Every structure is written in C-alpha cells, then in structure tokens.
Amino acid sequence: MRARNWMKAAGLVAASALLIVVLTAAGLLAFIFYNMSAGRDWTAPSEKVSAALTWTGRDYAFTGEDLLGEERWAMLIGPDGQVAWSLRKPADVPEEYSLTDVASFTRWYLNDYPVQCRVREDGLLVIGAPKGSVWKHDMSMGMDVLLQIPLWFMFLFFLAIGCVLGLAFLFLRKWFRQAQQVRDAARSNWINGISHDIRTPLSMVMGYANQLEEDPALPPARREQAAIIRRQSQTIRDLVNDLNLTMRLDYEMQPLRRARLRPAALVRQAAADLINGGLEDRYTLGLDIPPEAEKITLLADEGLLKRALMNLMNNGVRHNPDGCAITVRLALLGKEYALEVDSAGGPGAPDAPPPAPPSGLNEDGSAPHGTGLKLVEQIARTHGGRFEIIQSGGCFRGRIVLPADPQKM
C-alpha cells in the first residue's frame, strides 16, 4: 500500500511538472509568435554585412564572408536594377530586377530563397539563405497588444499554478476517499463481527438469568441478583443493536422505509411495548397527546422513529434505578411537532452526551457514553429534524422535533 502511494505521488508530481512545462512552452511560443522579427535577423545583423561591403573606386571589396557563413549568399542590386556585385549567388537567381520584382521579394522569398534586405546609397543589399532553411511570415502587433504581454505571462503563470493545485486536490481527495472507505469498511466489519459474536453468549446469559429469576427455590436475594444480570444483559444487547444501527445511519447503509403514519398511534405503540417488555412497578408511564394532535400524519420510517422513542424511554429507566415517572408527549410547535420523553424524579442521563465520532465509537474502539442518545439524534436528522435535550433539576427531557405534516391519512 505504501509503495502504491509513493507511485501515485510520483505520478502526481510528474503530471504537475508536465502541465507546467506545456503551459510555459505555450506561453513562450505565443510570445515569440507576436514578437518575431519576420526573419530579419538570422545569424548576423544585415548592417554588419553591409558595412563589410565597400566600393574601392573600381569594384566592390567584401570582408564579411565569416558573417555569412558557408551556406548564405549575397548580392547588391544597383539603382538601374542590375546586379552590381554578388557572392555565391545561386544560378537560378536573376541578374536584373524591376520595381515590381524588388517589392515582391523584399519581405518574403526570392525564387523560394528566404532573403533579407538592406537599403544602401548605392543600391539594395540582398542576403539569401538556402531554400527551406528559414520560415518567414508577415506579422504585426499593435501597441495595445504589446503592453498586454506582461499580463499574458501572469495569466499563464497563475493558470499553471491553479491547474496544478486543482489536479493535486482531485487526486488527494480521491486518495482520502479511498482510504476513508477502507477504514469505514474495516470498522463496519469489526462492529458486525463483534455484534455477531456477542449475541449467542448474551442470549444464553439472559435465558439462564431469567430462569434463575423465576425459580421459587432460590432465596429472594439471589433471584434479585439474577434479575439484575438479566437487566444488564438487556442493556448490553440494546447497546450492540444501537451501535449497529448508528453505524448504518452514519454510512447511509440503512434504507429509509418511509410511509405515512400517525405519530399518536406510534407513541401509544412504543409505550405499550415498554410496558409489555416488563416495566417494573417503581416506574410509571404516562401519555400526553392533545386532541388536535390525533389527526396529524408524518411521512417517515416507523421502525426508526419507534426505536428513537424506545431509546429515550429506556434511557429514563436505565439512569433511574430507584424509579421515576416517565411521560411520553406529542406536542405541536407551530409548523413543527415534537415527540418528547420526560423522566421526572431522577436525572435521566448524567450529562448531555458529547458528540460522538462518525462511527459511534471512541478513538480506542470503545462505545462512548450516550450512544443511545446519539442514535436518537441521527434518526431525527435523517428525517429532516433535530434532537434537543432539556435538563433542569431532577427532570430530563429528550425532544425529537420534526417538520409538521398536516395531511390526513
């Protein structure tokens, strides 16, 4: 894995360098294109060649053969259009020229020979190069364009920097996502494996504890101890289930089975399940559903909302071992409605749960405090709502606030 990361990093650097080189080369070519001299300066300036050609009184003397090199040639066309002097002039280059001929080759080609010209007092000096050796094109550039050249270079520079940073961002984001997916998959497999391994022995513990709790041959103290074992085993089972569900919600692995339902019926069903699950006599359970809330409906996942209510009610039971009064309330809050669970007579929860990591686990892999409340918050957020905790004195209130839906069933 580390070698692959190094290869990816090397590829990113190479691609970035190549991009910078390409853009820089494009900028240089554009600059040369707009500032080229149209072939007027090849090897030596024409004025130096012209200075090396002098009239001795009877003929011309030339001392600039080194300036021309071995392949270039030169000639001097007099005012009468006749060639007055030449050096290595090709045979297919004429000896006589008209004004039209001179105008046609001055800036271009003479019989396909690229040439450059210089005006002298005694005529026109023509310096030629071999065919196909120089590319010439007529170009011009306005002063406004010339003044824009620094802006061009600045634009290309920042464009290259932006492209490199953008490319690096795309690659790094892809790598981070892949690494995150690997970690998420490993964490998910670990939680699923632990949950599966816990269920079988936990079921046996709960079964034997229930048998001991109901055995009349045991002293009351022993039967109470067995009841404590059963209740704590149920707490562990609920915690495992909450971890699995909160993980699926975080990773969007839990499909929402939305259907239209009545929250009032959902509250009654959750309360009935709590009582039928063996709610002890030291706990009292009450419902507060105003008449106007009986007909409101909601498009939601019934199983998840019911799970959230059960978590809030069990939270009151779990944190009030000496008993408390639990009230489940359906309240209307303007354009919202709230599912509330009050635990009066006890704390309900030691403290508001701190934000848990996305996986529902601490950094060391252990379950954080308030995993059940974390799950309630996730379920509320999944339905487009929010979860609020109100704790004052001996009363704890958990409130699930959801958008109101006045549509009737």
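Everything discussed here concerns the structure shown above.
First things first, this report covers the structure right here in the doc. (Residues numbered from 1 in each chain as written. Predicted model: local features only at pLDDT ≥ 70, side-chain atom pairs only at ≥ 80, totals over all residues. Heavy atoms only, no water.)

### A closer look at the overall build of the protein
Then step 1. Counting its secondary structure elements, the protein contains ten helices and 14 strands.
Then step 2. Burial statistics for the protein: of 409 residues in total, 36% are counted as buried.
Then step 3. When contacts within the protein are restricted to residue pairs at least 6 apart in sequence, those whose partners lie at least 24 apart make up 65%.
Then step 4. Surface summary for the protein: the accessible area is close to 24000 Å², and the carbon and sulfur share equals 59%. (Helix = DSSP H or I, 4+ residues; strand = E, 2+ residues; numbered from the N terminus. Buried < 20%, exposed > 50% of the residue type's maximum accessible area, 1.4 Å probe, protein only. Contact = heavy atoms within 4.5 Å. Areas by Shrake-Rupley, 256 points an atom, 1.4 Å probe, with all protein chains shown as cover.)

### A short note on helix α9 (residues 302-318)
Then step 1. Taking 1.5 Å per residue as the helical rise, α9 with its 17 residues ought to reach 24 Å, and the 24 Å between its terminal C-alpha atoms agrees with that figure.
Then step 2. All of the buried residues along α9 are Leu304, Leu305, Ala308, Leu309, Met310, Asn311, Leu312, Met313, Asn315 and Gly316.
Then step 3. Capping the start of α9 is the job of one residue whose side-chain oxygen sits 3.0 Å from the backbone nitrogen of glycine 303: aspartate 301. (Expected span 1.5 Å × (residues − 1). Polar contact = N/O pair within 3.5 Å; in protein donor to acceptor, adjacent residues only side chain to side chain.)

### Description of the side chain of arginine 329
Then step 1. Along the chain, arginine 329 turns up in strand β11 (residues 324-333).
Then step 2. With near-sequence residues (within four places) excluded, arginine 329 lies in contact with Asp288, Ala338, Leu339, Glu340, Asp342 and Arg397.

### Thoughts on the sheet that holds strand β5 (residues 109-110)
Then step 1. Here five strands make up an open sheet; going across it, the order is β4-β3-β7-β6-β5 and the pairing antiparallel. Here the strands that pair on one side only, and so sit at the sheet edges, are β4 (83-87) and β5.
Then step 2. Where strand β6 (residues 113-120) meets strand β7 (residues 123-128), six bridges bridge the pair, whose relative direction is antiparallel. In the strand pairing of β7, valine 115 is matched with glycine 128. (Pairing = 2+ DSSP bridges.)

### Some points on a nonpolar patch on the surface
Then step 1. A cluster of nonpolar side chains, namely Leu151, Met154, Phe157, Phe158, Ile161 and Leu165, defines an oily patch on the protein surface of about 640 Å² accessible area.
Then step 2. Looking at the secondary structure, you find methionine 154 in helix α6 (residues 149-213).
Then step 3. Using a relative accessible area of 47% as the deciding quantity, one classes methionine 154 as partly exposed. (Patch = residues over 30% accessible without salt bridge, like charges linked within 9 Å, V, L, I, M, F, W, Y side chains within 5 Å. Salt bridge = Lys/Arg side-chain N within 4 Å of Asp/Glu carboxyl O.)

### Focus on unusual backbone geometry
In terms of backbone geometry, most residues other than glycine have negative phi values and most peptide bonds are trans.
Then step 1. We note that arginine 88 has phi near 55°; this positive angle belongs to a residue other than glycine.
Then step 2. Its place among the elements puts arginine 88 in the loop between β4 and α4 (99-105).

### Considering the side chain of lysine 89
Then step 1. Positionally, lysine 89 belongs in the loop between β4 and α4.
Then step 2. Among the residues examined, lysine 89 registers a relative accessible area of 17% and is labelled buried.
Then step 3. Polar side-chain contacts of lysine 89 include one of 2.8 Å to the backbone oxygen of valine 93.
Then step 4. Excluding anything up to four places from it in sequence, lysine 89 contacts Trp73, Met75, Pro94 and Glu95.

### What to know about the packing of helix α8 (residues 263-276) against α9
Each pair of packed helices can be described by the angle between their axes along with the distance between the axes.
Then step 1. Between α8 and α9, the shortest axis-to-axis distance is 10 Å and the interhelical angle comes to 50°. Compared by their axis directions, α8 and α9 come out oblique. Both α8 and α9 take part in a crossing whose hand is right-handed. Facing α8, whose interface residues are Leu266, Val267, Gln269, Ala270, Ala271, Asp273 and Leu274, α9 presents Glu302, Leu305, Lys306, Leu309, Met310, Met313 and Asn314.
Then step 2. Residue composition of the contact of α8 with α9, by class: nine nonpolar, two polar and three charged. (Axes fitted to C-alpha atoms, helices over the stretch in contact; angles between N-to-C directions. Parallel < 35°, antiparallel > 145°, perpendicular 65-115°, else oblique. Left-handed = near helix turned anticlockwise from the far one by under 90°. Nonpolar A, V, L, I, M, F, W, Y, C, P; charged D, E, K, R; others polar.)

### Concerning the layout of surface pockets
Then step 1. Put simply, the largest pocket is a space of about 720 Å³.
Then step 2. The wall of the largest pocket is formed by 25 residues, among which Arg231, Gln234, Asp238, Asn314 and Val317 lie closest to the centre.
Then step 3. Among the secondary structure elements, those contributing two or more residues to the lining of the largest pocket are α7 (220-250), α8 and α9.
Then step 4. Residue contributions to the lining of the largest pocket peak at ten residues, all from α7.
Then step 5. Considered class by class, the residues forming the lining of the largest pocket number seven nonpolar, eight polar and ten charged. (1 Å grid on protein atoms, 1.4 Å probe; cavity = no way out; pocket = protein on both sides within 12 Å on 5 of 7 lines; lining within 4 Å. Points joined across faces, edges and corners; volume = space filled by probe spheres on them.)

### Points about the pairing of strand β3 (residues 73-77)
Then step 1. Extensive coverage of β3 is indicated by the burial of five of its five residues.
Then step 2. Of the two faces of β3, the one holding Trp73, Met75 and Ile77 and the one holding Ala74 and Leu76 are both buried throughout.
Then step 3. When β3 meets β7, the two strands line up antiparallel, connected through five bridges. Residue pairing for β7: tryptophan 73 is matched across the bridge by glycine 128.
Then step 4. As paired strands, β3 and β4 are joined by four bridges and run antiparallel to one another.

### Quick word on the nonpolar core
Then step 1. Ranked by size, the top nonpolar core spans 35 residues in total, and within it Leu309, Met313, Leu330 and Ile400 carry the most contacts.
Then step 2. Mapped onto this core, the elements with two or more residues apiece are α8, β10 (298-301), α9, β11, β12 (336-344), α10 (371-382) and β14 (395-403).
Then step 3. Sorting elements by how many residues they give to this core places α9 first, with seven residues.
Then step 4. Those residues in contact with isoleucine 400 that sit more than four places away from it in its chain are Ala308, Leu312, Tyr337, Ala338, Leu339, Val376, Ala380, Arg386 and Phe387. (Core = buried A, V, L, I, M, F, W, Y, C linked by side-chain atoms within 4.5 Å.)

### Some thoughts on the pattern of salt bridges
Then step 1. Within this structure, the stated rule accounts for 18 salt bridges.
Then step 2. Two residues, aspartate 92 and lysine 131, come together in a salt bridge whose shortest N-O distance is 3.4 Å. Highlighted residues: aspartate 92 in the loop between β4 and α4 and lysine 131 in the loop between β7 and α5 (143-147), separated in sequence by 39 residues.
Then step 3. As a salt-bridge pair, arginine 381 and glutamate 377 come within 2.6 Å of each other at their nearest N and O atoms. Residue arginine 381 and its partner glutamate 377 are both found in helix α10; the two are separated by four residues, about one turn of the helix.

Keep in mind these values describe shape, not function.
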